[in-house]
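The primary structure of each chain is shown beneath.
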Amino acid sequence: MPENKSNYDPASLPDLLPIYYKKLFPYGPYFRWLNYGGVPKSYFSQREFSFTLKDDIYIRYLSFSTEKELSEEIQKRCPYKIDIGAVFSHRPKEHKTVKAAAFQALEKELVFDIDMTDYDDVRSCCSGADICDRCWPLMQIAIKIIDRALRDDFGFEHLLWVYSGRRGVHCWVCDETARKLSQNGRTAIAEYLSVVKGGESQTKKVVLEDRPHPSIRASLEIVSDRFKDYAVKKQDFLGDEEQIKKVLQLIPDEGFKNNIEKNMEKKVPTSNQRWVLIQNCCDEIRHKNEYKKSHNVVEEIMLQYCYPRLDVNVSKGVNHLLKSPFCIHPKTGRVCVPIDPENIDEFDPFAVPTISTIVDELNTSDGSAEEGKRVKDYRQTSLKTCIEVFDKFLAGLEKTWKGKLIEQSDMKMEF
């Protein structure tokens, strides 16, 4: 699965963006999301947006009162990238008229950013911005682990997962309790979810207690189900001397490490057999209660190679901006589309529509009608299934607003 198998040419972006923003960007559902039912009414108008324009011109503190105002400004400026920030105490576009101390970020979704680049030390197929079908399973594992933890351990329900358009995924936790979290609360959750720790200079990045926390055990179940297919089969992670050395460095007891190394030299030629050997040796030392520091080494290796690597700084700050869903990635041309976590194994990043594809589809569509109404342009292209994922997320979110909306007799929601 090469990354550039699409028909997209980056030089065409300035010509395609005006069409995309005029006819294909889903302003209606997008506004419904960020307006949160108009409770409170100022929620949308006090939200910060930033635009990155052609030639890396960056504009912050943009804000809009209505969906119409937002759509007109996007169509006028045709941003290469849109970022979404916090809901502030005042309208961001008026921030210069307010004393700096009074202009405060009040609320924002709890967000997570998982980038394949952070796995470069444990993937052998690609590096940097490149991805392929051999390393993409890391993102599937990450979504499964983080989604489970946020729902089961913290009770969050409204999680919007988005493909970044190239090499990673974002998660927007949209529950009211998540949006109101303080920086300390966000930091605590991000730290709770961080298991792989230490920079490039640290070799062993996962150290488990004798009895790992239930959340880590639940994560291990997810990793265990996929480890053989991903690490052994797709990555051949014990396939040569250098890779074996990297894995053996994660074993804390020298005597135990030497014992495994000698056994490998004797009789085990494949990654699969080498991994079975390590597992069997660990079972043996546990049974004999020897080399106590290495009792959880199999689990530590699996987590070091597969556990989600979060950019915790993105999650900690209330006023951190994050790339918006439905942007176009300028390098790949792919739309940043919502992902259904329940069907993560069916999601193929290389099949995500490019701006070239959907503009072509729009040009060849017949503008057919449904029940006497004209169908939205984006629903006549490959974006349709991605918007349906977004609609499903919105439907769950909108149920939480109904009670509050009844209290506001002057508010009417479009369902």
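Residue positions are counted from 1 within each chain, in the order its sequence is given. The predicted nature of this model means local features are confined to residues of pLDDT at least 70 and side-chain atom pairs, given and counted, to a pLDDT of 80 or more, with totals for whole chains, interfaces and linings taken over all residues. Side-chain metrics in this entry use all non-hydrogen atoms of the structure; hydrogen atoms and water are not considered.

> With reference to specific residues and values, describe the nonpolar core.
As used in this record, nonpolar core signifies buried Ala, Val, Leu, Ile, Met, Phe, Trp, Tyr and Cys residues forming a set joined through side-chain atoms within 4.5 Å. Only protein chains enter the accessibility calculation, which uses a 1.4 Å probe; a residue is then buried when its area is under 20% of its type maximum, exposed when over 50%, and partly exposed in between. If you look at the biggest cluster of nonpolar residues, it comprises 130 residues, and the most contacted ones within it are Tyr 20 and Trp 33. A run of H or I in DSSP becomes a helix once it reaches four residues, and a run of E becomes a strand once it reaches two; helices and strands are each numbered from the N terminus. The dominant element in this core, judged by the number of residues it contributes, is helix H4 (residues 137-153), at nine residues. We call two residues contacting when some pair of their heavy atoms lies within 4.5 Å. With sequence-adjacent residues up to four places away left out, Trp 33 is seen in contact with Ile 84, Glu 109, Leu 160, Trp 172, Cys 174, Pro 325, Phe 390, Phe 393, Leu 394, Leu 397 and Trp 401.

> Outline the sheet that holds strand S9 (residues 338-339), listing residues and values.
Between any two strands, at least two bridges found by DSSP are needed for them to pair. Read from one edge to the other, the open sheet built from four strands follows the order S5-S7-S6-S9, with strand pairing classed as antiparallel. The sheet terminates laterally at strand S5 (110-115) and S9, the two strands that pair on one side only. The sheet contact formed by strand S6 (residues 159-163) and S9 spans two bridges and is antiparallel. Considered in S9, the bridge of Val 162 is made with Pro 338.

> An account of the packing of helix H10 (residues 271-288) against helix H11 (residues 297-306) is needed here, citing residue identities and associated values.
Lines are fitted to the C-alpha atoms to define the axes, a helix being fitted only along its stretch in contact, and any angle between axes, read from their N-to-C directions, falls within 0 to 180 degrees. At their nearest, the axes of H10 and H11 sit 9 Å apart, and the two run at 140° to each other. Overall, the two elements H10 and H11 adopt an arrangement that is oblique. For the pair H10 and H11, the contacting residues are Trp 275, Ile 278, Gln 279, Cys 282 and Arg 286 in the first and Val 297, Val 298, Glu 299, Ile 301 and Met 302 in the second. Residue polarity is assigned by list, with Asp, Glu, Lys and Arg as charged and Ala, Val, Leu, Ile, Met, Phe, Trp, Tyr, Cys and Pro as nonpolar; anything else, Gly included, falls into the polar class. Broken down by class, the residue content of the contact of H10 with H11 amounts to seven nonpolar, one polar and two charged. Just so you know how the angles are binned, under 35 degrees is roughly parallel, over 145 roughly antiparallel, 65 to 115 roughly perpendicular, and the rest oblique.

> For the pattern of salt bridges, give the residues involved together with the corresponding values.
The term salt bridge refers to a side-chain nitrogen of Lys or Arg lying within 4 Å of a carboxyl oxygen of Asp or Glu. One pass over the structure, following the stated rule, counts 29 salt bridges. Between Asp 229 and Lys 233 there is a salt bridge whose closest N-O contact spans 3.8 Å. Taken together, the positions of Asp 229 and Lys 233, both in helix H7 (residues 214-234) and four residues apart, correspond to about one turn of that helix. The exposure class of Asp 229 is partly exposed, given its relative accessible area of 34%. Lys 233 gets classed as exposed once you look at its relative accessible area, which sits at 65%. Glu 254 serves as the salt-bridge partner of Lys 257, at 3.1 Å between the closest nitrogen and oxygen. Of this pair, Lys 257 and Glu 254 are both found in helix H9 (residues 254-267), three residues apart, which corresponds to roughly one turn of the helix. Ionic contacts of the salt-bridge type, sharing partners, join the residues Glu 107, Glu 176 and Lys 180 into one network.

> Which residues make up unusual backbone geometry, and what values do they have?
The residue after Val 39, namely Pro 40, is reached through a cis peptide bond having omega -5°. Its place among the elements puts Pro 40 in the loop between helix H2 (27-35) and strand S1 (47-53).

> Tell me what's going on with the pairing of S6, and back it up with residues and numbers.
Within S6, five of the five residues are buried, which leaves it mostly tucked inside the rest of the structure. Taking every second residue as pointing to the same face, both faces of S6 are buried, with Leu 159, Trp 161 and Tyr 163 on one and Leu 160 and Val 162 on the other. Pairing of S6 with strand S7 (residues 168-173), which is carried by five bridges, proceeds in the antiparallel orientation. Looking at S7, one finds that Leu 160 is bridged to Trp 172.

> Explain helix H13 (residues 355-364) to me, using residue names and the numbers behind them.
Listing the buried residues of H13 in full gives Ile 355, Ser 356, Ile 358, Val 359 and Leu 362. The inward-facing, buried residues of H13 abut helix H1 (13-24) and helix H14 (383-399).

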